[in-house]
Amino acid sequence: MARTSFYITTPIYYVTAQPHIGTAYTTIAADVLARYKRLCGYDVHFLTGTDEHGLKVQRAAEELGISPGELADTVVQQYHEAWKLLNISHNDFIRTTEARHERIVQQIFQKLYDLGELYLGQYRGWYCVSCESFMKGSSEDAPICPDCGRPSEANSEACYFFRLSNYQERLLEFYDNHPDFLRPQSRMNEVRARVEDGLRDLSVTRSTLEWAVPIPFDSDHRAYVWIDALSNYITAIGYGVDNDTFKRWWPADVHLMAKDIIWFHAVIWPCILMALDLDLPKKVFAHGWWTHNGEKMSKSKGNFVNPHEVVAEYGADALRYFILRELTFGMDGDYRDAAMHQRYNAELAGDLGNLVFRVLSMIERYFDGVVPDPQAEPAGALAEAAASLYEDIDRHMGELQFSRALERIWAFVRRANQYIEERKPWQLAKEETRRPELAAVMYHLAEALRILALVIAPTMPVTSARIREQLGLGEETKELKDALAWGLLPSGQHITRGEPLFPKKDET
Ligand code: MSP
């Protein structure tokens, strides 16, 4: 039987900034979900990439005295390096300057034009260069952009408009029929209220922009950002070129992003798709916004958390764990260096790292590194504690509640540590008659490690592989649900205790 497909995307990031903790957050979350779905047997397509056109990029390149293409190439290289460092397992990376994208964006414009969805008009207004959008309303003085807080500039030009205003009813009807479309719920309510207020036609071309895709039906105009950018989600999977591949993945299961670009994904994108007569994505999830030690991260402050530095200090798995564990997905949060340090020492070095080290050390000491037979107690407290793991994790992952999934896993880690204290293997080891009991206790602990390696794999792929290796196991081939059945670790298996997984850091 064909496996169920699952298509997940991140925003395509502007090439005006280097990768940082904010862009890493979305990408790591998407990666964890992609890895989780793969473990559950889904056929996953995970797309990320870069948004390379527009005035912002053109200006940034001018400032550096290089061409926009050169700037894009340099930053794309930085993205590739960062995603490699963070073990991001994307299946594709799309750049909006690639021919496969530009050609289809032109087709999309032509199609919208032929359908009568675009018309030539005149736009006068205040324009935010940074967000590439006109301000709402008309005021005398240049308003501050509500999205980025920068001042806007006067702008008037002939441009093509997309008939967004025609879609209000259909969009509201879609929301009614798909109340889960946008998450968290509070965002759905906000967007709905704004749409009920009315939709204004959207200017989608500019005649003053060089660094953009030319429009096929009017050589004076070029695409400006949003149709170009949003279309990446379909151009990357063969829209207009390879219908089988396109149908295999579309509609997307989840578009992930932060709350800054909800409007584009939950309003504009659905309307464009309706105009093109395409299905709408199943879910848009907008997570919160990170600050750093209480401050907004910005270029001027130079206070972006740099993933390279965090990884150099703590490792990629620890960073992945921390940012998903620290925040409820959907809420804003503050990246505090002290919190990273604290969670690393307590939860990774302490709870998980110690558990693995202690269990493997005891199997070495008491059973010469061979996993014993649990016949004295074929199941027990740990089997019981693991019984609902899959259902709990799957429910949380289904709701993209990464922190809850990790809390649930850590409850199991702590239960295993507590089991050691309860059963006191060091005492059992002193009495020869209690050897079968000791064997059962150590088997169950080793089995708990096997289970843990499976459930942490999406978040901490490197640590998971290291634990499996120490248990003498290769890659798991069963689907997660089946692999989590208690008792699959073969007795007689040779283990090798490695170095501690997370060496404790000094207190700061
Ligand atoms: N190019 C557009 C997106 C087009 S998608 C069709 C864009 N690019 S961006 O580089 O500005 O990326 C914005 C996204 O980066 C956010 O939606 C979020 O995914 C991520 N983040 C950037 N900074 C962030 C924080 N400080 N906190 C959380 N996420 C952040 O918008």
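Refer to the structure presented above.
Note that the coordinates shown come from a computational prediction; the quantities given were computed from them, not determined experimentally.

Asker: Give me the lowdown on the nonpolar core, citing residues and values where you can.
Answerer: In this structure, Ile8, Tyr335 and Trp410 are the most contacted members of the largest nonpolar core, which totals 109 residues. Counting residues per element, this core draws most heavily on helix α18 (residues 435-456), at 15 residues. If sequence neighbours within four positions are ignored, Tyr335 has contacts with Ile21, Trp290, Thr291, His292, Asn293, Val305, Val310, Leu319, Phe322, Ile323 and Met340. Membership of the second largest hydrophobic core comes to 73 residues, among which are Leu209, Leu230, Ile262 and Cys271.

Asker: Summarise the environment of Pro500; cite the residues concerned and give the values.
Answerer: Structurally, the position occupied by Pro500 is in the segment after α20 (480-483). Each C-alpha atom, one on Pro500 and one on Trp289, is 34 Å from the other, the two residues being 211 residues apart in sequence. Ignoring sequence-local partners within four residues, the contact set of Pro500 consists of Phe357 and Arg466.

Asker: Before we move on, could you go through the site of the ligand and cite the residues and values that matter?
Answerer: Inspection of the region around the ligand gives 24 residues, with Ile12, Thr26, Asp51, Asp260 and Trp290 positioned closest. Between the ligand and Asp51 there is a distance of 2.7 Å, counted from a nitrogen atom to a side-chain nitrogen or oxygen. Contact distances for the ligand include 2.9 Å between a nitrogen atom and a backbone N or O atom of Trp290. Within the complex, 93% of the 670 Å² of free accessible area of the ligand lies under protein. Secondary structure elements with two or more residues in the shell around the ligand: β1 (5-14), α1 (21-39), α7 (225-230), α8 (232-235) and β11 (254-258). Counting residues per element, the shell around the ligand draws most heavily on β1, at four residues. When grouped by side-chain class, the residues that make up the shell around the ligand number 14 nonpolar, eight polar and two charged.

Asker: Quick one: what's the story with the packing of aromatic side chains, residue by residue and with numbers?
Answerer: Scanning the entire structure with this criterion turns up 29 aromatic pairs. Note on Tyr314 and Tyr344: the rings are 5.2 Å apart at their centroids and 55 degrees apart in plane angle, and the pair reads as tilted. Remark: Tyr344 occurs in helix α13 (residues 337-367) and Tyr314 occurs in helix α11 (residues 307-314); sequence separation between them is 30 residues. Given a relative accessible area of 3%, Tyr344 falls into the buried group. The structure contains a cluster of three or more aromatic residues connected by ring pairs, namely Tyr25, Phe285, Trp290, Phe322, Phe329, Tyr335 and Phe402. Positioned above the aromatic ring of Trp263, the side-chain terminus of Arg194 is 3.9 Å from the ring centre.

Asker: Which residues make up unusual backbone geometry, and what values go with them?
Answerer: Residue Pro184 is bonded to the preceding Arg183 through a cis peptide linkage, with omega at -5 degrees. Looking at the element boundaries, Pro184 is found in the loop between β7 (182-183) and α6 (185-196). Notably, Asp277 is not glycine yet its phi reads approximately 60 degrees, a positive angle. For Asp277, the location among the structural elements is in the loop between α10 (262-275) and β12 (284-287).

Asker: Describe in detail the side chain of His45, supporting the description with residues and values.
Answerer: With respect to the element layout, His45 can be found in strand β2 (residues 43-51). The residues contacting His45, other than those within four sequence positions of it, are Phe6, Tyr7, Ile8, Asn91, Asp92, Ile237 and Trp249.

Asker: Help me get a handle on the state of the cysteines, residues and values and all.
Answerer: Taken as a whole and assessed by the stated rule, the structure comprises zero disulfides. The structure places no disulfide on Cys145, whose sulfur is separated from the nearest cysteine sulfur, that of Cys128, by 3.6 Å. No disulfide involves Cys271; its sulfur sits 18 Å from that of Cys159, the nearest cysteine. Residue Cys271 is classed as buried on the basis of its relative accessible area of 0%.

Asker: Lay out the pairing of strand β6 (residues 153-162) with the relevant residues and their values.
Answerer: As defined by bridge partners, strand β4 (residues 118-128) adjoins β6 across 10 bridges and the pair is classed as antiparallel. What sits directly across from Arg124, in β6, is Ser156. In this sheet, strand β8 (residues 202-203) lies alongside β6 in antiparallel orientation, the contact comprising two bridges. Opposite Phe161, over in β8, you have Ser203 as the bridge partner.

Asker: Would you mind going over the packing of α11 against helix α12 (residues 316-326) in detail, with residue names and values included?
Answerer: It is at 7 Å that the axes of α11 and α12 come closest, and there the two elements cross at 115 degrees. In terms of axis orientation, α11 runs roughly perpendicular to α12. Along the contact surface, α11 presents Pro307, Val310, Val311 and Tyr314, while α12 presents Ala316, Ala318 and Leu319. Across the contact of α11 with α12, the residue classes break down as seven nonpolar, no polar and no charged.

Rules used in this analysis
- Residues numbered from 1 in each chain as written.
- Predicted model: local features only at pLDDT ≥ 70, side-chain atom pairs only at ≥ 80, totals over all residues.
- Heavy atoms only, no water.
- Core = buried A, V, L, I, M, F, W, Y, C linked by side-chain atoms within 4.5 Å.
- Buried < 20%, exposed > 50% of the residue type's maximum accessible area, 1.4 Å probe, protein only.
- Helix = DSSP H or I, 4+ residues; strand = E, 2+ residues; numbered from the N terminus.
- Contact = heavy atoms within 4.5 Å.
- Near = heavy atom within 4 Å.
- Polar contact = N/O pair within 3.5 Å; in protein donor to acceptor, adjacent residues only side chain to side chain.
- Areas by Shrake-Rupley, 256 points an atom, 1.4 Å probe, with all protein chains shown as cover.
- Nonpolar A, V, L, I, M, F, W, Y, C, P; charged D, E, K, R; others polar.
- Phe/Tyr/Trp six-rings, centres within 6.5 Å; stacked < 30°, edge-to-face > 60°.
- Lys NZ or Arg CZ within 6 Å of the ring centre and 35° of its normal.
- Disulfide = S-S within 2.5 Å.
- Pairing = 2+ DSSP bridges.
- Axes fitted to C-alpha atoms, helices over the stretch in contact; angles between N-to-C directions.
- Parallel < 35°, antiparallel > 145°, perpendicular 65-115°, else oblique.

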